[in-house]
Amino acid sequence: MQALTHRAKQVNRSPMNFWERLYLPAIFQGMSITLRHFFKRKVTYNFPEQQRSFSPVFRGLHILNRDAEGRENCTACGLCAVACPAEAISMEAAERQPGEEHLYREEKYAARYEINMLRCIFCGLCEEACPKDAIYLSETFAPSDYERKQFIYSKQDLLIPHPINEPEEYKKALGNRAKPEDKS
Amino acid sequence: MDNSLLAIDMALILEKLVLIVVVVFASLGIAMYATYGERKVAAFMQDRRGPNRAGPFGILQPMADGLKLFFKEEIIPNFSNKILFVMGPCLAMLTAIMTSAVIPWGNHIEIFGRSVSLQIADVNIGMLYIFGVLSLGVYGIMIGAWASNNKFSLFGGLRAASQIISYELAMGISFIALLMVTGSLSLKDMVLQQQTGHWWNVVYQPLGFLIFLICAFAECNRTPFDLPEAENELIGGYHTEYSSMKLGFYLFAEYINMFISSAVMATLFFGGYDFPFVDESTLSPNFAALLGIVALMGKIIGFIFLFMWVRWTIPRFRYDQLMYLGWRILIPLALFNMLATGAAVLYFHK
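An account of the accompanying structure is given in this report. (Residues numbered from 1 in each chain as written. Chains lettered and ligands numbered in written order. Predicted model: local features only at pLDDT ≥ 70, side-chain atom pairs only at ≥ 80, totals over all residues. Heavy atoms only, no water.)

**Thoughts on the overall build of chain A**
- In terms of helices and strands, chain A carries 6 helices and 5 strands.
- The order of helices and strands in chain A, counted from the N terminus, is α-α-β-α-β-β-α-β-β-α-α.
- Seen along its three principal axes, the alpha-carbon backbone of chain A occupies a region of about 95 × 40 × 35 Å.
- Classification of the 184 residues of chain A by burial places 32% in the buried group.
- Of the roughly 13200 Å² of accessible surface on chain A, a fraction of 55% belongs to carbon and sulfur atoms. (Helix = DSSP H or I, 4+ residues; strand = E, 2+ residues; numbered from the N terminus. Buried < 20%, exposed > 50% of the residue type's maximum accessible area, 1.4 Å probe, protein only. Areas by Shrake-Rupley, 256 points an atom, 1.4 Å probe, with all protein chains shown as cover.)

What follows is the structure, encoded as structure tokens:
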């Protein structure tokens, strides 16, 4: 029969000779293998202290984006909620009042914006649906918790740090996944 | 001091008491850290890191494990024989520790002008004593298994009993060959012989050492001979019904047994407290004793590592293979070794 791979090995079924029947040589061989593994570099990451880097396409926790002046991008259009296959996103819209122009970029904004991280499947469809570059998935993943209600992330949890007041945190949260600011 | 048969005074009792306490606690401590070592060795051989959360490098892990065992619920099954059920782990622990009495941990030290021997009892039949206590050790397992009133436990107990009987024979015969070479049953004499002039006994008795080593593995119920607790066929074997610290005692006794048999093998075949290539008689006695303890501990740790190394390399035997190895291979081999040694001793007129 044609072998599918070149890794197939013919098994030797001839009776064992005296040397093989002693078993001890085979045991020493096995012990040398385990000893070699003893000194091998370990592949495990010491998780909380050491974190492995994710690839740029990793889809982690959501972030609600701000523009360069620190105004929220989200206009509560609801496209993300519609696109969400897990129905994890819910929001309430509100109208921007005069004097709030430094807070919200457009006339309408999300007064309440919640994502249930237990429902979310991190597919990234909200990110694709968003016309305002307001939501995208970062490279961090949801931390564990003891209570279910802790997993309903509100606006405070999701909003990115202010780019002018907290530039370092902003940069960190932005990562290299946010799209460049090219919309008006 | 008069010439009475037993020259016992207060100081002697005191020094022996201190020695006993030290040895018992040292073996408990070493057994504790052997569990940690076992987990580390297992992890490293499987390309893992092992316990590393409790304290730096996880060195507090044994305490955490012990604490956990203490806090576990204590279950004595209704259908068990309660007295025997409690007696089992106690006996296992007792016999495990008892063996340490005749092992010379070092030569002697000088304190306040007294020469204190670092051996609890230098009995002239030391090795016989060890064999005796070792074969008592199986009673802990058997009684526990029987008292559990559980068929899996009983199977484990039966296996332990027949395994120890089978391998004790080969072990004893291989020891007889060693006895012909040394001419003494006292462990101290053997160490002194190996220390002065002679090479270590393993040079004279390589085959005997191999048989002794294999039998020691079997006596300690270590892989590949851990059939009494073969967890994939017998659940937990003899300790199926045990929980909490009673289970802890059984597991602990295994590690103490490992420590003691490492000490016995180091003493019999690897010169005991003899530090290689150093003439101890030229050193001050206290320094020599310290060096001796270090040497003995090094050898013991080496053997314990060997135990673990084998455990994480070789799979368990099938029961018929175990019996075949014991009766059809090791015993004839040990008999042959005994005869050959006897002939050699006669020929060279040792």
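**With respect to the side chain of Glu127 of chain A**
- Here Glu127 of chain A is to be found in helix α4 (residues 125-129).
- A polar side-chain atom of Glu127 of chain A sits 2.9 Å from the main-chain amide nitrogen of Leu137 of chain A. (Polar contact = N/O pair within 3.5 Å; in protein donor to acceptor, adjacent residues only side chain to side chain.)

**Quick word on helix α10 (residues 244-269) of chain B**
All names here are of chain B.
- Compared with the 38 Å implied by 1.5 Å per residue over 26 residues, the 38 Å span of α10 between its first and last C-alpha is a close match.
- Extensive coverage of α10 is indicated by the burial of 23 of its 26 residues.
- Gly271 lies just past α10 and shows a positive phi near 80°. (Expected span 1.5 Å × (residues − 1).)

**Observations concerning the side chain of Arg96 of chain A**
Residue and element names in this part refer to chain A.
- The topology assignment puts Arg96 in the loop between β2 (89-95) and β3 (108-116).
- No salt bridge is formed by the buried Arg96, whose closest oppositely charged neighbour, Glu107, lies at an N-O distance of 4.2 Å.
- A distance of 2.9 Å separates the side chain of Arg96 from the backbone oxygen of Tyr104, its partner in a polar contact.
- Of note is the side chain of Arg96, whose polar atom sits 3.2 Å from the backbone oxygen of Arg105.
- Setting aside residues up to four positions removed in sequence, Arg96 forms contacts with Glu101, Tyr104, Arg105, Glu106, Glu107 and Tyr109. (Lys, Arg positive; Asp, Glu negative; His and termini not counted. Salt bridge = Lys/Arg side-chain N within 4 Å of Asp/Glu carboxyl O. Contact = heavy atoms within 4.5 Å.)

**Describing the interface of chain A and chain B**
- Between chain A and chain B, the residue contacts involve 16 residues of the former and 16 residues of the latter.
- Roughly 1500 Å² of surface becomes buried between chain A and chain B when both sides are summed, with 65% attributable to carbon and sulfur atoms.
- Among the residues chain A hides against chain B, the three largest losses belong to Met31, Phe38 and Lys42 of chain A. Together they make up 40% of the total.
- In this structure, the connection of chain A to chain B is made through 1 salt bridge.
- A salt bridge links Glu49 of chain A to Arg53 of chain B; the nearest nitrogen and oxygen atoms lie 3.1 Å apart.
- Our count for the chain A to chain B interface comes out at 8 residue pairs in polar contact (both at pLDDT 80 or more). (Buried area = accessible area lost by both parts, 1.4 Å probe.)

**Quick look at the packing of aromatic side chains**
Residues and elements named next belong to chain B.
- Under the defined criterion, the tally for this structure stands at 21 aromatic pairs over all chains.
- An angle of 0° between the planes, with centres 4.1 Å apart, marks the rings of Phe85 and Tyr242 as stacked. Remark: Tyr242 occurs in the loop between α9 (231-234) and α10 and Phe85 occurs in helix α3 (residues 82-98); sequence separation between them is 157 residues. We note that Phe85, like Tyr242, is buried.
- Ring pairing ties together the aromatic residues Trp200, Phe209, Phe212, Phe269, Phe270 and Phe303, which thus form one cluster. (Phe/Tyr/Trp six-rings, centres within 6.5 Å; stacked < 30°, edge-to-face > 60°.)

**Considerations on the environment of Gly60 of chain A**
All names here are of chain A.
- Within the secondary structure, Gly60 sits in the loop between α2 (24-38) and β1 (62-64).
- With 36 residues separating them along the chain, Gly60 and Leu24 place their C-alpha atoms 52 Å apart.
- If we ignore the near neighbours within four places in the chain, the residues touching Gly60 are Phe122, Leu137, Ser138 and Thr140.

**A look at the sheet that holds strand β5 (residues 152-153) of chain A**
All names here are of chain A.
- The sheet built from 3 strands is open, its strands ordered β2-β3-β5 with antiparallel pairing. Because the sheet does not close on itself, it has two edges, and the strands there are β2 and β5.
- Across 2 bridges, β3 lies against β5 in antiparallel orientation. Bridging from a neighbouring strand, Asn116 pairs with Ile152 of β5. (Pairing = 2+ DSSP bridges.)

**Description of the packing of helix α4 (residues 126-148) of chain B against α10 of chain B**
Residue and element names in this part refer to chain B.
- At a closest axis distance of 12 Å, the pairing of α4 and α10 adopts a crossing angle of 165°. As far as their axial angle goes, α10 and α4 are roughly antiparallel. Helix-helix and strand crossings are classified by hand; for α4 and α10 the assignment is left-handed. Contacts between α4 and α10 pair Met127, Ile130, Gly140, Ile141 and Gly144 from the former with Tyr250, Val264 and Leu268 from the latter.
- For the contact of α4 with α10, a count of residues per class yields 6 nonpolar, 2 polar and no charged. (Axes fitted to C-alpha atoms, helices over the stretch in contact; angles between N-to-C directions. Parallel < 35°, antiparallel > 145°, perpendicular 65-115°, else oblique. Left-handed = near helix turned anticlockwise from the far one by under 90°. Nonpolar A, V, L, I, M, F, W, Y, C, P; charged D, E, K, R; others polar.)

**Thoughts on the nonpolar core**
- Residues Met127, Phe175, Phe212 and Leu268 of chain B are the most contacted members of the largest nonpolar core, which totals 88 residues.
- The biggest single contributor to this core is α10 of chain B, with 15 residues.
- The residues touching Phe212 of chain B, leaving out its near neighbours within four places in the chain, are Met127, Phe131, Met171, Ser174, Phe175, Val264, Met265, Leu268 and Phe269 of chain B.
- In terms of nonpolar packing, the next biggest core, distinct from the first, is built from 24 residues, Cys126, Cys130, Tyr153 and Leu159 of chain A among them. (Core = buried A, V, L, I, M, F, W, Y, C linked by side-chain atoms within 4.5 Å.)

**Some thoughts on the pattern of salt bridges**
- Counting across every chain of the model gives 17 salt bridges over all chains.
- Here Glu147 of chain A and Lys149 of chain A are joined by a salt bridge, their closest N and O atoms 3.7 Å apart.
- Overall, Glu147 of chain A belongs to the partly exposed group, its relative accessible area being 38%.
- For Asp320 of chain B, the salt bridge goes to Arg318 of chain B, with nearest N and O atoms at 2.8 Å.
- When salt bridges with common partners are traced through the structure, they connect Glu38, Arg222, Glu254 and Arg311 of chain B into a single cluster.

**Considerations on unusual backbone geometry**
- Here Glu87 of chain A, not a glycine, exhibits a phi torsion of approximately 50°, which is positive.
- Topologically, Glu87 of chain A is positioned in the loop between α3 (79-83) and β2.

**Overview of helix α8 (residues 206-219) of chain B**
Residue and element names in this part refer to chain B.
- Its 14 residues place the ends of α8 20 Å apart at the C-alpha level, agreeing with the 20 Å of an ideal helix rising 1.5 Å per residue.
- Of all 14 residues in α8, 11 are buried; the element is thus mostly enclosed.
- Within the sequence span of α8, burial applies to Gly208, Phe209, Ile211, Phe212, Leu213, Ile214, Cys215, Ala216, Phe217, Ala218 and Glu219.
- Lining the buried residues of α8 we find α4, α5 (151-182), α7 (201-204), α10, α11 (285-311) and α12 (319-348).

Any functional reading would require information beyond the geometric quantities listed.
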